[in-house]
Amino acid sequence: MPGAASRSLLIGPGTDDDQSCSTESIIYAGLHRLTSAVPRGWGAWMTTAHPALGLTGICKSFGGVCALDDVTLEVQAGTVHGILGENGAGKTTLMNIIAGLMRPDSGRMEIMGVPISTGSVRAARSHGIGMVHQHFKLVENQSVLENIVLAAGKSLLPRRPRKLLQDIDSWCRKLNWPLELDAPVGTLAVGRQQRVEIIKALCGGGKILILDEPTAALTPAEVDELAAAVASLARAGMTVLFISHKLLEARRICQSISILRRGKVVYSGSIADLSVEEIAEKMVGVKMDVPRLTPSARPTQGPPMLELVDVDYRIGKRRPPVLKQINLTVRPYEILGIAGVDGNGQSELAALISGAVNPTAGRIVRRSGGNASVPIRVGYIPEDRHKEALVLPLAVTSNLLLRQYRQSPFARWGFCRYGTWRKHSTDLVRQYDIRCRRIEDAAATLSGGNQQKIVLARELSQQPELILAVNPTRGLDISATAFVLRQLLEARARGAGIILIHGDLDELLSISDRVAVINSGALTATAWPQATPVEIGRLMLGGA
Amino acid sequence: MFKRFFGNIWSAAIAVALAALVCGVVLALAIGAAALLGYPPIRLADLWLRGAAGSWYALSSSCADACPLLLTGLAAGVAFRAGVLNIGAQGQFLLGALTAVALTTRMMIFHQPALVIPTALLGGAVAGGLWGLVAQYLERYRSVPVVLSTILLNFVALYLAQAALQGPLQALGTAAAQSPEIAGKYWLPLFVPYTDFHIGIILALVLAVLLWVVQQRSIFGFEARVVGLNPGTARAMKMPVTARQFQIMFISGACAGLGGAIQLLGQVHFMTAHMGNYGYAGIAVALLGRLNPLGIIISSLFFGFLDTGAYRVEESSLALPHNMANVIKALIILVMLVLAGLSLRKSRRADRRVTAPAQESAP
């Protein structure tokens, strides 16, 4: 079997090829070779006690927010190992750490039992780790070969171009992927570009391949081809880490899985031991202390405030529509929850409802008290508060006034009346319990929960009739989450109609009057909150 | 009232103090370096100071030199604050001067100074503003970054000015690219006779204060700031983002154009294509003034004094080359940029810490 992969698989890490790895790891590798009897040949190698990849106690936090909490897992060689979890569970952070792109705050990493230094892409590469990012890292106007050379070259020119060509050739043969080396990458279809990425990663490493959400951009046929390729790689002794939040795919492709939830490994082991329902439950988790919709709350009534009739939305004429035939209505005194796996059209739906974009077909009617000519007051709690709701370098006061700064008590003759600003924001800070030292402090100095409270205070204080909230509790701790949900319930009790597009199924079910499920851009079903998370989870995944 | 005003001005004061500190340190170092080179340091400092502010005349020429710097500095400062990276003040300055020279030597309205001078100043401002709008148009509708188009348009403006000065605006009896001298009655009137104190200086100061008020106190200024800091939020808040960017670009270009017109009518009185690098220097002035119009007043005065003093030193028996002043300016800018870069990196790191967990984005 030609090529770098088979050779390094047989010899183990720290061979004469690894000029770039640290002295420390060379010594470790040497010790390892002396102390443990390195088995030669395939069968023996497959049965060694050492896992292909071992992580121990990996922690990583970004400013007070803990992204990974004591992650420990082992991946056996020659398997396809799925890393499952919701958005924000820490999957990508973990992969970035394995690939050396990020340095963990603490924890150790071993490859074939050899500790390797973390936080170094070179060290990871020299130990055979290659990563294919969700968003490809390709130079579009360069040829396929140039892209691969670019990644493989340690210096300006690859020292042994012929060997690289042989490598590419052998991998292409093994995977049965004909590759036009001279075609500019930009002219290839997405599926082909991914192949280039995979070959690139294989030539760079060849032992552990990380695929970050590889199927997100692929058509079903391309997914099948990819699955076959991954399987053949695993048969050849490679270890593949397959990141996904699509359960059915993972079940088809992976032999073992680890499930991450809020930065913790909640399950690690064979996938065959778990049913789809159990996996979904572990991914979503069940939390206890979430505010619930009380039965005594006022019933839904009145004419609809928002109606979407047969709405289609597409980006670009040649692409398939992102949203298809959406029909929904929201009435006063109700919360309409929209569940779905991320990336099924939620952000586009939010943009449509908020009025940022117009539908390609169909119509959107917003009525204030049944009257279509009166503009309705809309409160919008966007998914990304840093990009769409806050100006971080500005004071808390300014952020609280971003909606009303030009209205009557706050401005006169084109000038801001800062006195009224201060009074208004002092009130809001007290009312919504925003923890800040002074209201003149920049919003950037506040914690995520308090930043979200600024958004809530601003959007809810002007008594909106219609509220659109997208993942309003993402990244918040338990108390802030409860606060946000309680505020939404209070707004509902005041008579607002609320659309809640939310990834957290449990929270969604606990406060929604009705739940609709979005899948591949279509609202597939409207289930009532009596439905269990498992049933809705099945709808989210496209099952009937 | 007292506390509110000074509370508002507090951060500006800190910025000014910091800038003054940097300037002082660099100046002291420069004089030390000159001493090492064999120039008598005390005499040097004395000559420099007296050259810059030793007499009414020296003072006035320092201020007159600071005046175009103040206007181009405002042009850069106003634009940068709103996230419009206009580095084309040089071109806008030249076009402003060109328009002013055309209006005072070729199209004099009724030959009345009371009409010609305001028209020339206004015309210069409008020309600079429109030149800026070209770049903003290219960014908005043709996706050409303003940074690129403004810097390229500087060259277009330069050659346009040269063509005009060798064509319709050329002075009689010369082959050089040079306009005729403006008639004395169209010069900007002086408010202190026999000095360089022309009313353009007052105009520039008033404009700076006005811009400060607009920036700090008005709805327009607030919107411009939000647009500059976070266009996404501005759009979500239904602010007129595009309109504000165009307006800011026009104001910025108009400041630079007015600077050109004032320099022409108040100081040099005839135009060549080489009117000094006031446009580029304005960026430095704005950075030193921390993009605050009041800070820019101080930093432009500082640059003016430095320059004028350096010319006097060069003319004196010491004959220290005037480029020493440019070295000092460059050093100060460098230090300020490093300081700004440090604080920026710090805030960005904080920002990344806050945003990073949300990066696991949907496909």
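Summary of the structure given here. Keep in mind it's a predicted model, so treat the numbers as computed, not measured.

### Observations concerning the overall build of chain A
So, step 1. On a plain count of helices and strands, chain A comes out with 19 helices and 21 strands.
So, step 2. The burial tally for chain A puts 54% of its 544 residues in the buried class.
So, step 3. The contacts of chain A with a sequence gap of at least 6 include a subset with a gap of at least 24, amounting to 70%.
So, step 4. Just so you have it, chain A exposes about 23,700 Å², and 53% of that area is on carbon and sulfur atoms.

### Some remarks on the sheet that holds strand β3 (residues 80-85) of chain A
Residue and element names in this part refer to chain A.
So, step 1. Strands sit in the order β6-β7-β8-β3-β9-β10 across an open sheet of six strands; the sheet is mixed. Pairing within the sheet leaves two strands with one partner each, and these edge strands are β6 (129-132) and β10 (264-270). Along the sheet, successive strands turn relative to each other by an average axial angle of 15 degrees, direction set aside.
So, step 2. Direction of pairing for β3 relative to strand β8 (residues 239-244): parallel, over a ladder of five bridges.

### Some points on the packing of aromatic side chains
Residues and elements named next belong to chain B.
So, step 1. Here the structure, examined in full by the defined rule, presents nine aromatic pairs over all chains.
So, step 2. The interplanar angle of 70 degrees and the centroid separation of 6.4 Å between the aromatic rings of W56 and F197 together place this pair among those described as edge-to-face. Separated by 141 residues along the polypeptide, W56 in helix α3 (residues 56-81) and F197 in the loop between α6 (146-166) and α7 (199-217) bring together distant segments of the chain.
So, step 3. Judged by relative accessible area, W56 falls into the exposed class, the value being 61%.
So, step 4. Given the relative accessible area of 8%, F197 is considered buried.
So, step 5. Centroid distance F93 to Y278: 5.5 Å. Interplanar angle 40 degrees. Geometry classified as tilted.

### Description of the sheet that holds strand β14 (residues 361-366) of chain A
Residues and elements named next belong to chain A.
So, step 1. The strand order across the open sheet built from three strands is β12-β11-β14, with neighbouring strands paired in antiparallel fashion. For this open sheet the edge positions go to β12 (323-330) and β14, each flanked by a neighbour on one side alone. The average angle at which neighbouring strand axes cross in this sheet is 10 degrees, direction not considered.
So, step 2. Its contacts with the sheet place helix α12 (residues 346-354) against β11 (306-313), β12 and β14, and it is angled at close to 130 degrees to β11.

### Re the pattern of salt bridges
So, step 1. One pass over the full model with this rule turns up 16 salt bridges over all chains.
So, step 2. Between A:E459 and A:R458 there is a salt bridge, with the nearest N and O atoms lying 3.1 Å from each other. Each member of the pair, A:E459 together with A:R458, is buried.
So, step 3. Of the charged contacts, one joins B:R312 and B:E315 as a salt bridge, the two residues approaching to 3.3 Å between their closest N and O atoms. Placement of both B:R312 and B:E315 in helix α12 (residues 293-315) is noted, with a separation of three residues, approximately one turn of the helix.
So, step 4. Since its relative accessible area comes to 28%, B:R312 is described here as partly exposed.

### A few points about helix α11 (residues 278-288) of chain B
So, step 1. Burial within α11(B) is extensive, with eight of its eleven residues counted as buried.
So, step 2. A positive backbone phi angle near 55 degrees is found at B:R290, which sits one or two residues after α11(B).

### Side note on the nonpolar core
So, step 1. By size, the foremost hydrophobic cluster in this structure holds 93 residues, and its most contacted members are B:M271, B:L288 and B:I332.
So, step 2. Once you skip the residues sitting within four places of it in the chain, B:L288 turns out to touch B:A19, B:C23, B:S299, B:F302, B:F303, B:I332, B:I333 and B:M336.

### Quick look at empty space enclosed by the protein
Residue and element names in this part refer to chain B.
So, step 1. Counted by the stated rule, this structure contains nine cavities of 30 Å³ or more.
So, step 2. What the largest cavity holds in volume is close to 140 Å³.
So, step 3. Lining the largest cavity are 13 residues; nearest its centre among them are V78, Q215, F220, A224 and I248.
So, step 4. Contributing elements (two or more residues each) for the lining of the largest cavity: α3, α7, α8 (219-229) and α10 (241-268).

### Description of the pairing of strand β20 (residues 514-519) of chain A
Residues and elements named next belong to chain A.
So, step 1. By the criterion of burial, β20 is predominantly enclosed, with six of the six residues buried.
So, step 2. Burial along β20 is two-sided: the residues R514, A516 and I518 and V515, V517 and N519 are all buried.
So, step 3. Where strand β13 (residues 334-339) meets β20, four bridges bridge the pair, whose relative direction is parallel. Bridged to I338 within β20 is A516.

### Section: the packing of helix α2 (residues 41-53) of chain B against α3(B)
Residue and element names in this part refer to chain B.
So, step 1. Viewed as axis vectors pointing N to C, α2 and α3 meet at an angle of 80 degrees, and their least axial separation amounts to 5 Å. Overall, the two elements α2 and α3 adopt an arrangement that is roughly perpendicular. Contacts between α2 and α3 pair R50, G51, A52 and A53 from the former with A58, L59 and S62 from the latter.
So, step 2. Split into classes, the residues belonging to the contact of α2 with α3 amount to four nonpolar, two polar and one charged.

### Things to note about α8(B)
So, step 1. With eight of its eleven residues buried, α8(B) lies for the most part within the structure.
So, step 2. Within α8(B), the full set of buried residues consists of B:I219, B:G221, B:F222, B:E223, B:A224, B:R225, B:V226 and B:V227.

### Focus: the side chain of B:H322
Residue and element names in this part refer to chain B.
So, step 1. Position of H322 among the secondary structure elements: in the loop between α12 and α13 (323-355).
So, step 2. Judged by relative accessible area, H322 falls into the buried class, the value being 10%.
So, step 3. For H322, the contacting residues outside a window of four places in its chain are D307, A310, Y311 and E314.

### Considering unusual backbone geometry
So, step 1. Unusually for a residue other than glycine, A:Q325 sits at a positive phi of about 50 degrees.
So, step 2. Relative to the assigned elements, A:Q325 resides in strand β12.
So, step 3. Positive phi values are uncommon outside glycine, yet B:Y194 reaches one of about 60 degrees.
So, step 4. Considering the arrangement of structural elements, one finds B:Y194 in the loop between α6 and α7.
So, step 5. According to the relative accessible area criterion, B:Y194 is exposed, its value standing at 80%.

### Focus: the environment of A:R108
Residues and elements named next belong to chain A.
So, step 1. Mapped onto the secondary structure, R108 falls in strand β4 (residues 106-111).
So, step 2. R108 sits in the partly exposed class, given a relative accessible area of 48%.
So, step 3. A sequence separation of 37 residues divides R108 from V71, and the C-alpha atoms of the two residues are 9.9 Å apart.
So, step 4. The contacts of R108, once residues within four sequence positions are left out, are G54, L55, T56 and I58.
So, step 5. A polar contact is formed between the side chain of R108 and the side chain of E110, at a distance of 3.3 Å.

### Concerning the packing of α7(B) against α10(B)
All names here are of chain B.
So, step 1. The geometry of α7 relative to α10 is characterised by a closest axis approach of 11 Å and an angle of 165 degrees between their N-to-C directions. As judged from the angle between their axes, α7 and α10 are roughly antiparallel. For the element pair α7 and α10, the recorded crossing hand is left-handed. For the pair α7 and α10, the contacting residues are G200, L203, L207 and L211 in the first and I251, C255, L258 and I262 in the second.
So, step 2. Split by residue class, the contact of α7 with α10 holds seven nonpolar, one polar and no charged.

Conventions we followed
- Residues numbered from 1 in each chain as written.
- Chains lettered and ligands numbered in written order.
- Predicted model: local features only at pLDDT ≥ 70, side-chain atom pairs only at ≥ 80, totals over all residues.
- Heavy atoms only, no water.
- Helix = DSSP H or I, 4+ residues; strand = E, 2+ residues; numbered from the N terminus.
- Buried < 20%, exposed > 50% of the residue type's maximum accessible area, 1.4 Å probe, protein only.
- Contact = heavy atoms within 4.5 Å.
- Areas by Shrake-Rupley, 256 points an atom, 1.4 Å probe, with all protein chains shown as cover.
- Pairing = 2+ DSSP bridges.
- Axes fitted to C-alpha atoms, helices over the stretch in contact; angles between N-to-C directions.
- Phe/Tyr/Trp six-rings, centres within 6.5 Å; stacked < 30°, edge-to-face > 60°.
- Salt bridge = Lys/Arg side-chain N within 4 Å of Asp/Glu carboxyl O.
- Core = buried A, V, L, I, M, F, W, Y, C linked by side-chain atoms within 4.5 Å.
- 1 Å grid on protein atoms, 1.4 Å probe; cavity = no way out; pocket = protein on both sides within 12 Å on 5 of 7 lines; lining within 4 Å.
- Points joined across faces, edges and corners; volume = space filled by probe spheres on them.
- Parallel < 35°, antiparallel > 145°, perpendicular 65-115°, else oblique.
- Nonpolar A, V, L, I, M, F, W, Y, C, P; charged D, E, K, R; others polar.
- Polar contact = N/O pair within 3.5 Å; in protein donor to acceptor, adjacent residues only side chain to side chain.
- Left-handed = near helix turned anticlockwise from the far one by under 90°.

No statement about biological role is implied by the geometric values presented.
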